[in-house]
Amino acid sequence: MSRIQVKNVLLVEDDPEQARLIREMFNDQGSYSFKLTHVKSVTDAEAYLQRQTVAVLLLDLSCCPDASGFEVILRAHAAARGASIVLLSDLEDEAIAMRTMERGVQDYLIKGQFEPRELMRAMRNSIARKILEETLFNEKSRAQITLECIGDAVICTDIAGNISFLNLVAERMTGCSLKEAAGLPLLDSFHIMNASTGEIAADPTTRLIGHSRINHLPVNCILTSRDGHQVFIEDSVAPILDGSGLSTGSVLVFRDVTAARALAEQISHLAEHDSLTGLPNRLLLNDRLDQAIAQAGRKGSLLAILFLDLDNFKHINDSLGHPTGDKLLKSVAQRLQACVRTPDTVSRQGGDEFVLLLQEVQHAEDAAITARRVLKAMKEAHTIEGRELHVTTSIGISVYPDDGMDAATLMKNADTAMYQAKESGRQVFKFFKQEMNDKAVERQSIEEDLRRALERNELTVHYQPIFNLKSGIITGAEALLRWTHPNRGSVVPALFIPVAEDSGLILPIGEWVLRKACTQARTWADAGLRPIRMSVNVSALQFRSEDFLKSLLTILADTGLEPESLNIEVTESGLMERAKLGIPILQSLRERGVQVAVDDFGTGYSSLSYLRMLDVDTLKIDQSFVRAITTSPDDTSIVSAIISIGRSLKLRLIAEGIESSTDLAFLKASHCDEGQGYLFGRPVSAEQFAHLQKMQVN
Ligand code: C2E
Ligand code: MG
Ligand code: MG
């Protein structure tokens with residue numbers, strides 16, 4: 001059996017006859033779903049309702065001597081929260097009864113004109129209506145609370161475009177309260193404009209009339225509040241549709257995106273700028289370069305790229321530390337910026353590389369003017385942490401459209417020109433020339449082939465004899481690398497050694513030469529040939545590499561060659577570059593008995609004080625000076641000077657490139673110790689060298 005919930009009904013009736021009639025109706029109806037309680041006044045009803053809850057209040061409107069009219073309804077409402085109210089009215093009071101329906105009364109009955117069945121129906125309907133009303137009320141207040149709580153601003157307009165609702169956020173952002181704005185056109189309170197053009201934007205809701213889709217606010221939209229405060233806003237406008245799908249107004253949802261935009265701008269700034277100097281980075285430069293090329297193409301004008309590299313930055317960074325290096329880069333960045341005009345871009349590519357993009361260039365010479373300005377600005381010392389630092393710059397220039405029609409080509413060619421500038425003595429600028437490109441391509445192909453040369457056994461070592469000038473006896477051999485390329489044939493060291501140095505290939509190749517030469521020297525000694533010094537050329541890069549000493553000692557141990565029989569040749573410029581770093585390596589070599597010669601002496605502008613610091617055995621006088629003996633006898637004073645320097649430092653002197661007997665006679669007279677040159681013998685294979693030595697012994 002289903003359970004029927006009995007609902008309490010409270011009858012408020014002062015007329016006993018009327019009360020009896022009602023009670024009879026309840027009994028007649030045999031209704032067991034209602035339980036009737038009767039009180040005689042509103043005051044009694046209030047007292048009763050303090051203790052009991054009721055579903056229906058059956059209230060005789062005329063029964064209330066202690067209260068009158070609508071006040072009764074108010075009191076009834078207050079006392080019986082949640083109960084539905086059904087009025088019993090006299091016929092003449094029907095108008096009043098009808099009006100109470102607007103004040104939360106659910107139904108009324110005219111006394112004497114209703115049957116028990118109608119009474120029951122009125123009560124049931126009133127309960128149902130009360131439930132519906134409460135549900136609606138709850139939903140509405142939930143929606144209201146939601147709209148007030150969300151972070152977005154909400155404005156609703158009616159079909160005429162007048163404001164019907166503003167939530168708290170909208171009130172705050174527009175500076176207008178709902179009270180002030182209600183019923184007025186949207187644009188009276190909602191002032192928006194296009195941030196890019198500064199134009200007042202149109203009412204976004206009017207575009208929606210007759211449509212059912214969602215629109216968005218204009219992009220770049222700024223809202224100005226009543227007190228003039230401006231914020232960027234973003235979001236949507238949607239129509240409000242009735243049950244039949246017709247528009248009855250619109251709802252505008254928007255939010256303040258000023259902070260989000262600032263953050264997005266900051267992020268994109270970070271992505272496009274170098275964090276150390278704040279200059280545009282490679283990404284932004286490429287973008288600007290593309291735009292500049294397009295513009296120059298349309299206008300038929302020129303633009304120039306200056307590719308800059310600091311010559312000795314790495315040295316400063318290594319020796320003084322990265323924090324100092326960073327400060328120096330910042331100082332360089334500032335100076336570069338001071339050298340260009342507003343439309344130009346100074347960018348940092350990374351490391352110590354910078355690129356200047358010059359726009360509105362009339363003649364290529366304009367780029368040269370800027371390059372000169374940059375060189376001059378960079379020459380001045382940078383004062384970093386109380387220290388005066390000097391950096392010089394090499395600049396390569398490419399010009400659109402002559403040196404390239406696209407960004408990549410222009411950058412590559414400016415880089416190539418920069419490379420040439422560095423090679424030709426630094427602190428200079430060079431315009432790109434097509435031949436440079438050919439040279440760069442050639443260089444690239446040499447590098448690729450050289451990579452494979454070792455494993456393909458294309459490398460060999462030749463040996464040039466070194467003689468004692470007085471006795472004419474062979475005292476040493478200089479190991480000189482030879483490369484037989486499968487297509488090019490014999491490639492001279494002058495062509496491939498610089499490539500090997502740039503690419504780092506000199507490290508494995510140099511080690512290979514060292515091992516080969518030491519093995520050879522050991523073989524000759526074992527074969528009973530007279531002991532000689534084996535001289536091996538070591539490039540500066542190799543000399544300063546971390547494991548140079550370790551690998552040299554391993555080779556000596558492996559081959560069993562006496563350290564005293566090995567002589568390392570490092571060029572003067574190689575030794576002088578970062579000279580201090582070389583001192584401990586030289587010391588370790590000398591402690592173990594390995595000899596060290598300064599090769600190509602006279603070309604590296606060493607200072608004598610430095611030379612004294614460097615622990616070396618031998619100076620090899622560069623060929624260019626020896627050549628001067630025959631070509632310009634007046635210049636022989638230089639050779640004499642070098643020899644006397646060597647003597648004063650107690651160093652062995654070896655003259656290179658002795659080709660004529662005139663050279664030999666002069667050097668002998670000047671007391672030069674040893675010499676090598678075509679006059680005595682060219683570099684030859686190991687077998688030929690052994691043969692030479694044997695001939696001497698015999
Ligand atoms: P270097 O060390 O000064 O070697 C002497 C160069 O002068 C050699 O050139 C030699 O063939 C050349 N030469 C000797 N006597 C005469 C002469 O009377 N007249 C003329 N015109 N030239 C003479 P090479 O073999 O072409 O080597 C050139 C340079 O390449 C060397 O100069 C050296 O700096 C470098 N090199 C050669 N082999 C190696 C190596 O194994 N490692 C490294 N790092 N560099 C090497
Ligand atoms: Mg040499
Ligand atoms: Mg030399």
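Definitions and limits used
- Residues numbered from 1 in each chain as written.
- Chains lettered and ligands numbered in written order.
- Predicted model: local features only at pLDDT ≥ 70, side-chain atom pairs only at ≥ 80, totals over all residues.
- Heavy atoms only, no water.
- Near = heavy atom within 4 Å.
- Polar contact = N/O pair within 3.5 Å; in protein donor to acceptor, adjacent residues only side chain to side chain.
- Areas by Shrake-Rupley, 256 points an atom, 1.4 Å probe, with all protein chains shown as cover.
- Helix = DSSP H or I, 4+ residues; strand = E, 2+ residues; numbered from the N terminus.
- Buried < 20%, exposed > 50% of the residue type's maximum accessible area, 1.4 Å probe, protein only.
- Contact = heavy atoms within 4.5 Å.
- Arc of directions from axis to C-beta.
- Phe/Tyr/Trp six-rings, centres within 6.5 Å; stacked < 30°, edge-to-face > 60°.
- Lys NZ or Arg CZ within 6 Å of the ring centre and 35° of its normal.
- Donors = N, O, S within 2.8 Å, 3.2 Å for Na, K, Ca; no water.
- Domains from an automatic or database assignment.
- Salt bridge = Lys/Arg side-chain N within 4 Å of Asp/Glu carboxyl O.
- Pairing = 2+ DSSP bridges.
- Axes fitted to C-alpha atoms, helices over the stretch in contact; angles between N-to-C directions.

Student: Help me understand the site of ligand 1 in this model?
Tutor: Surrounding ligand 1, one finds 23 residues, the nearest of these being Arg482, Asp599, Gln623, Glu659 and Tyr678. At 2.9 Å from an oxygen atom of ligand 1 is found a side-chain nitrogen or oxygen belonging to Arg482. A distance of 2.9 Å separates an oxygen atom of ligand 1 from a polar atom in the side chain of Asn537. In isolation ligand 1 exposes 790 Å². Once the protein is present, 84% of that is buried. Contributions of two or more residues to the shell around ligand 1 are made by β21 (474-485), α16 (493-503), α17 (506-526), β25 (595-601) and α23 (623-631). With 4 residues, the top contributor of residues to the shell around ligand 1 is β21.

Student: It is not clear to me how the side chain of Gln693 should be interpreted in this structure. Could you clarify?
Tutor: Here Gln693 shows up in helix α26 (residues 686-697). With a relative accessible area of 3%, Gln693 lands in the buried category. Other than its neighbours up to four places away in sequence, Gln693 contacts Ile474, Leu529, Arg530 and Ile532.

Student: So what exactly am I meant to see when it comes to α23 here?
Tutor: Given 3.6 residues per helical turn, the α-helix brings residues three or four places apart onto the same face. Restricting attention to buried positions, one finds in α23 the residues Phe625, Val626, Ala628 and Ile629. The arc that holds the buried residues of α23, viewed along the axis, is 150°, so those residues lie on one side.

Student: Would you mind showing me how to read the packing of aromatic side chains here?
Tutor: Centre distance and the angle of the planes are the two values used to describe a pair of aromatic rings. Per the stated rule, a full pass over the model turns up 9 aromatic pairs. Consider the rings of Trp524 and Phe689, whose centres lie 4.8 Å apart with planes at 20°: the pair is stacked. Taken as a pair, Trp524 in helix α17 and Phe689 in helix α26 lie far apart in primary sequence, 165 residues in all. Here Trp524 falls in the buried class, since its relative accessible area comes to 6%. Taken together, the ring pairs connect Tyr463, Trp524 and Phe689 into an aromatic cluster. Lying over the aromatic face of Phe232, Arg261 brings its terminal NZ or CZ to 3.7 Å of the ring centre.

Student: Can you walk me through the coordination of the magnesium ion (ligand 2) in this structure?
Tutor: Expected angles at a metal are 109.5 degrees for tetrahedral coordination by four donors and either 90 or 180 degrees for octahedral coordination by six donors. Protein coordination at the magnesium ion (ligand 2): the donors are Glu478 (OE), Asn537 (OD1), Glu569 (OE) and Asp599 (OD), at 2.0 to 2.2 Å from the metal. One chain supplies every donor to the magnesium ion (ligand 2), and in sequence these donors are spaced E-x58-N-x31-E-x29-D. If you look at the magnesium ion (ligand 2) and the magnesium ion (ligand 3), they sit 4.2 Å from each other and are both ligated by Asp599. Taken together, the residues Asn537 in strand β23 (residues 533-537) and Glu569 in strand β24 (residues 566-571) connect sequence positions 32 residues apart.

Student: Help me understand the side chain of Gln420 in this model?
Tutor: Within the secondary structure layout, Gln420 lies in helix α14 (residues 407-423). Look at Gln420 and you get buried, because its relative accessible area is 13%. Contacts of Gln420, omitting those with residues within four sequence positions, involve Lys430, Met436 and Lys439.

Student: How should the domain arrangement of the chain be read in this particular structure?
Tutor: In many reports, interface size means the accessible area that the parts give up when they come together. Annotation of the chain at the domain level lists domain 1 (7-145), domain 2 (150-261), domain 3 (273-432) and domain 4 (446-693). Domain 2 and domain 4 are separated by 84 Å when their C-alpha centres are compared.

Student: What is the right way to read the coordination of the magnesium ion (ligand 3) from this model?
Tutor: Coordination of the magnesium ion (ligand 3) by the protein comes from Asp599 (OD), Asp600 (OD), Glu656 (OE) and Glu656 (OE), over a distance range of 2.1 to 2.4 Å. The sequence pattern describing where the donors of the magnesium ion (ligand 3) fall on their chain is D-D-x55-E.

Student: How should the pattern of salt bridges be read in this particular structure?
Tutor: For the structure shown, the criterion picks out 30 salt bridges. A salt bridge links Asp152 to Arg255; the shortest N-O distance between them is 3.2 Å. Taken together, the positions of Asp152 in the loop between α5 (116-149) and β6 (153-158) and Arg255 in strand β12 (residues 247-256) put the pair 103 residues apart, joining distant regions of the chain. Residue class for Asp152 comes out buried when judged on its relative accessible area of 19%. In this structure, the salt-bridge partner of Arg488 is Glu442, at a minimum N-O distance of 3.0 Å. Taken as a pair, Arg488 in the loop between β21 and β22 (489-491) and Glu442 in helix α15 (residues 434-453) lie far apart in primary sequence, 46 residues in all. Under the relative-accessibility criterion, Arg488 is labelled partly exposed at 35%. Among the charged side chains, a salt-bridge network with shared partners connects Glu478, Glu569, Lys620 and Glu656.

Student: Please explain the sheet that holds strand β15 (residues 353-361) as it appears in this structure.
Tutor: To summarise the sheet geometry, strands pair through backbone hydrogen bonds and adopt either a parallel or an antiparallel arrangement. With mixed pairing, the 5 strands of this open sheet are ordered in space as β14-β15-β13-β18-β19. With one partner strand each, in any of the chains shown, β14 (345-350) and β19 (429-431) form the two edges of the open sheet. Ignoring strand direction, the axes of neighbouring strands in this sheet form an average angle of 20°. This element, helix α13 (residues 364-379), spans β13 (302-310), β15, β18 (393-400) and β19 of the sheet and lies at about 165° to β18.

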